[in-house]
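As a plain string of letters, each chain reads:
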Amino acid sequence: MDELKRCVGPLGRLLLTSSGSDADGKVTPEPPRSPEHTAVRVLMAGRSTIDFEGAQYLLCAATSASHVPNRDQFQVVSLAESRGINSRLAAREGGSQQQRDAFAQAASLLRDSVPHGGEGGLFLLRRLPAANHGASDDGTAVTPSQLKPPAPKKVDIEIKFVVAGSGRALKDTAFLVTKPDGSEIRMMTTSVGSLELTDLDPGQCVVTSLIDDAIMPMSFDPGGAGADDEDSDDDADADNDAAGDDSSDDSAGGELAAGGGGSGASGAAAASGAAAASASGGFGLSLSVDALAKGDLAGAIKVTGGLNARGAASAAASAAASVGGSLSGSLGGGASLGGGASLGGGLGGTAALGGGATGGSKKDKSPIGPASVVEITRHKVATGETPDSIAADAGLSWDAITQFNFGTTDPDEVQDALRDRVGCTQTSPDGQSYVFDDDDEPGILLIPSPWTASFPTDDVHRVRVAPVGGLHISLENEDGLALPGATYQITFADKSQREGTLGSSGVARLEGVPDGPFSVAYPDSVDLLARSLAASTRKAFDEQATGPLFYLLGQEKDVVDRAVAVYEEYFDDLTGEGFAADIDQVVTDPDARVPLLFLCKLAGIDIEGAEGAIIQAGFDDVLQGESNDTTAADDSAADDSADDDSDDSADDDPAEAADRG
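As the structure is a computational prediction, the values presented were derived from the model and not from experiment. (Residues numbered from 1 in each chain as written. Predicted model: local features only at pLDDT ≥ 70, side-chain atom pairs only at ≥ 80, totals over all residues. Heavy atoms only, no water.)

Draft legend 1. Examining the environment of Asp-181 more closely. Here Asp-181 is to be found in the loop between β8 (174-178) and β9 (184-188). Asp-181 sits 23 residues away from Gln-204 along the chain, and the two C-alpha atoms are 9.1 Å apart. (Helix = DSSP H or I, 4+ residues; strand = E, 2+ residues; numbered from the N terminus.)

Printed below as a string of structure tokens:
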């Protein structure tokens, strides 16, 4: 019961808990005291005022000055004078170690004005004569009630936007900045990628990107690279941009040489070809089946231009190139650019941020702009979705989505982009537009939204961003038909490589590609020929044409086997029962059907039913005929040999003949 006290009061006996206990009798520790309150408690020692040198003084925490009783009867002692009084008081009253420590603490905490923000402090107050309450003898006294917070200290802020890795600055990039006082200002980044504000109140600046005119080739996502306030070489790179640093890495050259000059099917000598790359739409490779089948690689390859950064049609540029040919261009903002390709070697492009040629510099340090900073949602299209449903879910118009992704809102160009960039293959019942499907590859639409972040003032911040767009590569034959499933190899400027296969629409999307030149190669020429033949045959079935089918079946067995396998993997949408079933349904003309079925048999493609039996019988007759012809040819050769021996004997000298006998 040591923690309880019994007392007798006017109402009788009371059971009281001690000051250090709670209602349950448990000891409650005192809350920690601030240095100010500790100093006040020790030095005031329960006194209302301290009588010293003919005046009355009161020590209080600065945060409690407004609550001092009769506060306007006191003046705030200046800082210099209060420190002197504190020192003299310490000499008089600082007997114990606790008191000496308290006086020393007070000396460091004394103030004569309202402290900034959450700072603490102590005021030494002196009682004024009764006739002078509210003013000192010289009329300049300040009472606690008259103390006013100091004007906030004005500060600056700088926020720099640079591309991760290269340090290239984002110039002419629009933002809405909300200052600490709540006012707003629209700003554009400088040539070194900075937003700079001066004469601000302390606090936070909220920065929101403006993306009304954003397009994918010139958009960058902080979420793809992170943000930090550390100093790094990126800042030096960005500063060098402003100084016009035009140094280049001569060892890299303006183009990345495509490899394997003689590694194609024919080993043809390398021949260079070039085409100007557009920022967002770019290059597709076209293969000539005839030239490819003949091993004429130089005549088999054709590269064509695409859309530029604003979606307008660029001048089509083409270049015939053999194995080892090269192609230079640019990849705007990391956006889509279909790399050219060759057989066994490579055509290349340049993955240079911001559009424009690289000018021979491997590490381009020029600023990029006008640019946009966005947050990106990667939407995978699905069966049943429509443009309107995707737009509604995104809170954007369909035009805004196509403008950002494809640089155009033109309906025909959008349909081309859905095929070439999103990988759509299914069409509406009227065949006029593409519809979304779960199997679309890559099947990605990028949904942009404004980026917002808050930054404390009185500091320099750096925000690293990454290009939004990816690298699209595509492959088609001379008829404009996509070649799905082809194996590609890409080599980038930093010597890194990626391998993969094109999707079901003949398109592949790669993200996070390094800045600089690149080369793309499709190393298996036989595989490319088989895929092109399969694609052309499927189109021929729709057109009721048999020429491509005869051409396919006339190839070597390995090519035919591969083409049939590709057909049944990617193009089996006619009957759904395979290559032979499609032939059976489409080819009905007897003049074409019989030889086609016979070629199928030669290729090892079984034909079922009575017609198949007839073809088999004819096939057996041919084989038997070939066998008989071979036997007859052998007999004839033997007879000819005997005749030759007889003739030789007749020509011999009679004496020699007698000797032989």
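Draft legend 2. Up close: unusual backbone geometry. A cis geometry characterises the amide bond from Gly-369 onward to Pro-370, with omega recorded as -5°. Inspection of the secondary structure assignment puts Pro-370 in the loop between β16 (347-351) and β17 (372-380). The residue after Glu-441, namely Pro-442, is reached through a cis peptide bond having omega 0°. Among the structural elements, Pro-442 can be located in the loop between β19 (434-435) and β20 (444-450). At Lys-495, a residue that is not glycine, the phi angle is positive and equals roughly 75°.

Draft legend 3. Summary view of the sheet that holds strand β21 (residues 452-456). Strand order across the open sheet formed by four strands is β9-β8-β11-β21, with antiparallel pairing between neighbours. Only two strands of the sheet have a single partner each, and these edge strands are β9 and β21. Adjacent strand axes in the sheet meet at a mean angle of 25° when their direction is disregarded. Across four bridges, β8 lies against strand β11 (residues 204-209) in antiparallel orientation. The residue bridging Val-177 from the neighbouring strand is Val-207, located in β11. (Pairing = 2+ DSSP bridges. Axes fitted to C-alpha atoms, helices over the stretch in contact; angles between N-to-C directions.)

Draft legend 4. Looking closely at empty space enclosed by the protein. The final tally for this structure, using the stated rule, is three cavities of 30 Å³ or more. Its boundaries defined by the atoms lining it, the largest cavity holds a volume of some 80 Å³. In terms of lining, the largest cavity is formed by Leu-43, Ile-50, Leu-59, Ser-82, Asn-86, Leu-89, Phe-103, Leu-110 and Leu-124. Per element, the largest residue contribution to the lining of the largest cavity is three residues, and it comes from helix α2 (residues 79-93). For the lining of the largest cavity, the class distribution of residues is seven nonpolar, two polar and no charged. (1 Å grid on protein atoms, 1.4 Å probe; cavity = no way out; pocket = protein on both sides within 12 Å on 5 of 7 lines; lining within 4 Å. Points joined across faces, edges and corners; volume = space filled by probe spheres on them. Nonpolar A, V, L, I, M, F, W, Y, C, P; charged D, E, K, R; others polar.)

Draft legend 5. Broad picture of the confidence of the model for the chain. Of the residues in the chain, 62% reach a pLDDT of 70 or more, and the chain-wide mean stands at 72. Highest mean pLDDT in the chain belongs to β8 (97); lowest belongs to β16 (37). Below pLDDT 50 for its whole length, residues 295-362 participates in 291 contacts with residues either more than four positions away or in separate chains. Taken together, the stretch residues 654-661 has pLDDT below 50 and engages in one contact with residues farther than four places along the chain or on a different chain. (pLDDT = per-residue confidence, 0-100. Contact = heavy atoms within 4.5 Å.)

Draft legend 6. Region of interest: the side chain of Thr-402. Residue placement: Thr-402 occurs in helix α8 (residues 398-406). Of note is the side chain of Thr-402, whose polar atom sits 3.1 Å from the backbone oxygen of Asp-399. Dropping the residues within four chain positions of it, Thr-402 is found in contact with Gly-407, Thr-408, Thr-409 and Val-414. (Polar contact = N/O pair within 3.5 Å; in protein donor to acceptor, adjacent residues only side chain to side chain.)

Draft legend 7. α8, seen in detail. Those residues of α8 that sit buried are Trp-398, Ile-401, Thr-402, Phe-404, Asn-405 and Phe-406. Taken end-on, α8 shows its buried residues confined to a sector of 165°, consistent with a single buried face. (Buried < 20%, exposed > 50% of the residue type's maximum accessible area, 1.4 Å probe, protein only. Arc of directions from axis to C-beta.)

Draft legend 8. Examining the environment of Ala-530 more closely. Note on placement: Ala-530 falls in helix α10 (residues 525-542). The exposure class of Ala-530 is buried, given its relative accessible area of 0%. Sequence separation between Ala-530 and Ala-563 is 33 residues; the distance between their C-alpha atoms is 4.3 Å.

Draft legend 9. Region of interest: the pairing of strand β7 (residues 155-163). Extensive coverage of β7 is indicated by the burial of seven of its nine residues. Two elements, β7 and strand β22 (residues 459-467), share seven bridges in a ladder whose sense is parallel. Residue pairing across strands places Lys-160 opposite Arg-462, the latter belonging to β22.

Draft legend 10. Looking closely at the packing of α8 against helix α9 (residues 411-422). Contact geometry of α8 with α9 gives a least axis separation of 11 Å together with a crossing angle of 55°. In terms of orientation, α8 lies oblique with respect to α9. The hand of the α8/α9 crossing is left-handed. Listed contacts from α9 to Trp-398, Thr-402, Asn-405 and Phe-406 of α8 are Val-414, Ala-417, Leu-418, Arg-421 and Val-422. The class makeup of the residues in the contact of α8 with α9 is six nonpolar, two polar and one charged. (Parallel < 35°, antiparallel > 145°, perpendicular 65-115°, else oblique. Left-handed = near helix turned anticlockwise from the far one by under 90°.)

Draft legend 11. Structural detail: the sheet that holds strand β6 (residues 122-127). Judged by pairing direction, the sheet is antiparallel, and its four strands sit side by side in the order β3-β4-β6-β5 without closing on themselves. If you trace the sheet from one side to the other, it starts and ends with β3 (50-52) and β5 (74-76), each paired once. The average angle at which neighbouring strand axes cross in this sheet is 35°, direction not considered. Here β5 pairs with β6 via three bridges, running antiparallel. Looking across to β6, one finds that Gln-75 is bridged to Arg-126. Across the sheet, helix α1 (residues 35-44) touches β3, β4 (55-61) and β6, and the angle it forms with β4 is around 150°.

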